[in-house]
Number of protein chains: 2
Amino acid sequence: MPGRKAAERPGNTGRPVTINDVAQLAGVSVGTVSKALNGRGSLRAETRHRVLSAAEQLGFQPNRAAVALNSGRTYTVGMITTDTIGRFSIPLMMGAEDALGAGEMSVFLCDARDDPIREQYYLRTLLSRRVDGIIVTGRRTQARPPIGTGLPIPVVYAFISSTDPRDCSVVPDEAGGAHKAVDHLLAVGRRRIAHITGPEHHHSATVRATAATDRLAEAGLRLAGAPLFGEWSEAWGRQAAQLLLGANAEVDAVFCGSDQIARGVADALRAAGRRVPDDVALVGFDNWDVMALGCQPPLTSVDMELEKLGRTAADLLLAAINGEASPGRHTHPCRLVIRDSTAASSTPAPALDSAPGGS
Amino acid sequence: MPGRKAAERPGNTGRPVTINDVAQLAGVSVGTVSKALNGRGSLRAETRHRVLSAAEQLGFQPNRAAVALNSGRTYTVGMITTDTIGRFSIPLMMGAEDALGAGEMSVFLCDARDDPIREQYYLRTLLSRRVDGIIVTGRRTQARPPIGTGLPIPVVYAFISSTDPRDCSVVPDEAGGAHKAVDHLLAVGRRRIAHITGPEHHHSATVRATAATDRLAEAGLRLAGAPLFGEWSEAWGRQAAQLLLGANAEVDAVFCGSDQIARGVADALRAAGRRVPDDVALVGFDNWDVMALGCQPPLTSVDMELEKLGRTAADLLLAAINGEASPGRHTHPCRLVIRDSTAASSTPAPALDSAPGGS
DNA sequence: ATGAAAGCGCTAACAC
DNA sequence: GTGTTAGCGCTTTCAT
């Protein structure tokens, strides 16, 4: 009964189908089967066809462990993430997994949960499994010590980077993203721009704050007050916005270090009777859909394009596996996504913006 | 130089260290090395020690492909998710990965992206890699057709379930969760409870709505109006809240099908001058931290405990791999997380709740 | 054009 | 207590 699944066929032993079974059914030797299946050597068309249909009929799937054993390649890579919660690593992983899948690579998922012990455990596991390469991802863009030295396989750091400049890292151009945000605010006519962001000890916060300050300086302007460092939370956004309202009513734009902060700012501004974007334009960072779109009004935001970044990391890893390593720090541009929170104030349409919930 | 990493040692060939290298360095045969490393057979303590330190010195890691080849077991499982964006599958995966890691299992990550073709591709890949089992996860709790029939390895469905009742599925007890939400609202003295939720064709929406209605009926009450089916979005929450305000000012609680919806409802109520929880108590679903905590006030919500659910699924899979299958549909209880949005209205503290952003 | 056989790294059965 | 060897499933010479 050729149409049936292998495991349903009467007489099926439960044992996986091997190349031997195929050889027997096709009436040839295993060597011939191997050639037929891999399109190597020279075979009569008829023989090749006979083998292929036998394999088909048995539902034969080559045992990759055996292939790995004599090729030395497993067509497998490890992905180690230090990020438990996954907000940043998920798109990275998905992008990488997609790019690797196209190269017939399977991905081992390793969640190190910010624990160096777990990390080393996973590293050993992956080496034992003879993965062809490793991608290391994490929640922060700050450089971190290499996961290992003198490893026999290539490693690519994605989002995070390695402190060793010879290592291959792919990182978002956060400074460039901040530049785009500031440029956009200037372009829509804003001049008194404040900056609210995360903790000062957080790499992304300082990079983005510095970049924003520098860009304004290039335009002959200064930030409206020092950057407000706090937490990556809506609550901090609300709190900081109130500080701003208390101290300086002249601000006509706020560039925020994250969408969560921006959303808190939007809520606080609205509660205080300030209109966004008419009175104050708002730009976030991350382009986190649920925040940027849930915000009233929808938020202009800097997108780090993490999925693309993951894809790039995977491509660099594949190249390195094939002997074409690209050592060093590779930056990946950010993209500014413009939404209503920075709509040009030259054409205000107050009545339309104010009741988004109406049915 | 014993302290050095294997790959840095002078004379290192780049070739992975095998059991042969260890045998040679220890001056014994490969069989002896195998016994020493796996604690089998009987060896002199001195010999065992000599082997272990040789292995240590060379940084030996057994080639898992070889182990797999003659044990037939790969200590590997596949995790197929149909969920691209990952909101639900991430905690599931993390829980499962954690539980499997404890069993020395590595996890292949497969993102099928809602594409049946990709799903079957991954299934073939996993079978070819001879995984010991498969976990299938997805974004919706609705039953889906089995991923394959007569498969040679156990499959466990997590969050989603299989339409075949003989398959092993682990699903959240959404109805139970809805019961807890309603019970809690009744316990804090609410009697006119409305329900706003996602699309009517969405399994979770109807299950939760039905369960809420039933529970109220058991208490001799009725839902305040028919369930409002719409979208899983904040915008719909806002819109539905306005419908509610227009039609029926007497509602003293809203049970929402998701935290996103609840958050939209909270915003709309506040904008309309209604106080939460004083005038209207609010319960969400999902306990999605960023929504539940970002909401003003923080949201009481039903937590499906997806990480635990993933862990349970992994444990069931491990058991099935060891020959102790647990066919059928296993439900996993939900947990109600109580926050300010349902604080008992008998002790109102209006002044404190209204300015959470104050510094 | 096809078959036979060695070998990838490891484990286990058996010999000594 | 330790060494030798067959064999897991597959690929790849090398004969024929």
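Predicted model, so just to flag it, every value in this text is computed and none were measured.

Visitor: Which residues make up the protein's contact with DNA strand C, and what values go with them?
Guide: The immediate surroundings of DNA strand C are formed by 23 residues, with Thr32(A), Ser42(A), Thr47(A), Ile19(B) and Asn70(B) found nearest. The sugar-phosphate portion of DNA strand C accounts for 70% of its atoms within 4 Å of the protein, the bases making up the rest. Here a phosphate oxygen of DNA strand C sits 3.0 Å away from a polar atom, N or O, in the side chain of Arg40(B). Within the side chain of Asn70(B), one N or O atom sits 2.7 Å away from a base oxygen of DNA strand C. Secondary structure elements with two or more residues in the surface near DNA strand C: helix H2 (30–38) and helix H4 (64–71) of chain A together with helix H2 (30–38) and helix H4 (64–71) of chain B. The leading source of residues in the surface near DNA strand C is H2(B), at four residues. Split into classes, the residues belonging to the surface near DNA strand C amount to eight nonpolar, 11 polar and four charged.

Visitor: How would you summarise helix H10 (residues 259–271) of chain B if you had to cite specific residues and measurements?
Guide: All names here are of chain B. Given a rise of 1.5 Å per residue, 13 residues ought to cover 18 Å, and the 18 Å separating the end C-alpha atoms of H10 matches this to within 8%. Within H10, 11 of the 13 residues are buried, which leaves it mostly tucked inside the rest of the structure. Immediately beyond the C-terminal end of H10, within one or two residues, lies Gly 273, with a positive phi of roughly 85°.

Visitor: Report on the interface of chain A and chain B, specifying residues and quantitative values.
Guide: Taken together, the 64 residues of chain A in the interface contact 63 residues of chain B. For the chain A and chain B pair, buried surface summed over both sides reaches about 5400 Å², with 49% attributable to carbon and sulfur atoms. Sorting the residues of chain A by area buried against chain B places Leu109(A), Arg129(A) and Arg130(A) first, and these three jointly supply 12% of that buried surface. At the surface where chain A touches chain B, the tally comes to eight salt bridges. Salt-bridge contacts for Arg263(B) lead to Glu234(A); the nearest nitrogen and oxygen are separated by 2.4 Å. On the surface where chain A and chain B come into contact, there are 34 residue pairs in polar contact (both at pLDDT 80 or more). Split into classes, the residues belonging to the side of chain A that touches chain B amount to 25 nonpolar, 20 polar and 19 charged. Across three bridges, the pairing between strand E2 (residues 106–111) of chain A and strand E2 (residues 106–111) of chain B is antiparallel. Within the sheet, the bridge partner assigned to Leu109(A) lies in E2(B) and is Val107(B).

Visitor: Any chance you could break down the packing of helix H5 (residues 89–102) of chain B against helix H12 (residues 306–321) of chain B for me, citing the residues and the numbers?
Guide: Residues and elements named next belong to chain B. At a minimum axis distance of 7 Å, the contact between H5 and H12 shows a crossing angle of 45°. With respect to H12, the axis of H5 lies oblique. As H5 runs across H12, the sense of the crossing is right-handed. Residues Pro 91, Leu 92, Gly 95, Ala 96, Asp 98, Ala 99 and Leu 100 of H5 touch H12, and the partners they reach there are Leu 306, Glu 307, Leu 309, Gly 310, Arg 311, Ala 314, Asp 315 and Leu 318.

Reading guide: rules and limits
Residues numbered from 1 in each chain as written. Chains lettered and ligands numbered in written order. Predicted model: local features only at pLDDT ≥ 70, side-chain atom pairs only at ≥ 80, totals over all residues. Heavy atoms only, no water. Near = heavy atom within 4 Å. Polar contact = N/O pair within 3.5 Å; in protein donor to acceptor, adjacent residues only side chain to side chain. Helix = DSSP H or I, 4+ residues; strand = E, 2+ residues; numbered from the N terminus. Nonpolar A, V, L, I, M, F, W, Y, C, P; charged D, E, K, R; others polar. Expected span 1.5 Å × (residues − 1). Buried < 20%, exposed > 50% of the residue type's maximum accessible area, 1.4 Å probe, protein only. Contact = heavy atoms within 4.5 Å. Buried area = accessible area lost by both parts, 1.4 Å probe. Salt bridge = Lys/Arg side-chain N within 4 Å of Asp/Glu carboxyl O. Pairing = 2+ DSSP bridges. Axes fitted to C-alpha atoms, helices over the stretch in contact; angles between N-to-C directions. Parallel < 35°, antiparallel > 145°, perpendicular 65-115°, else oblique. Left-handed = near helix turned anticlockwise from the far one by under 90°.

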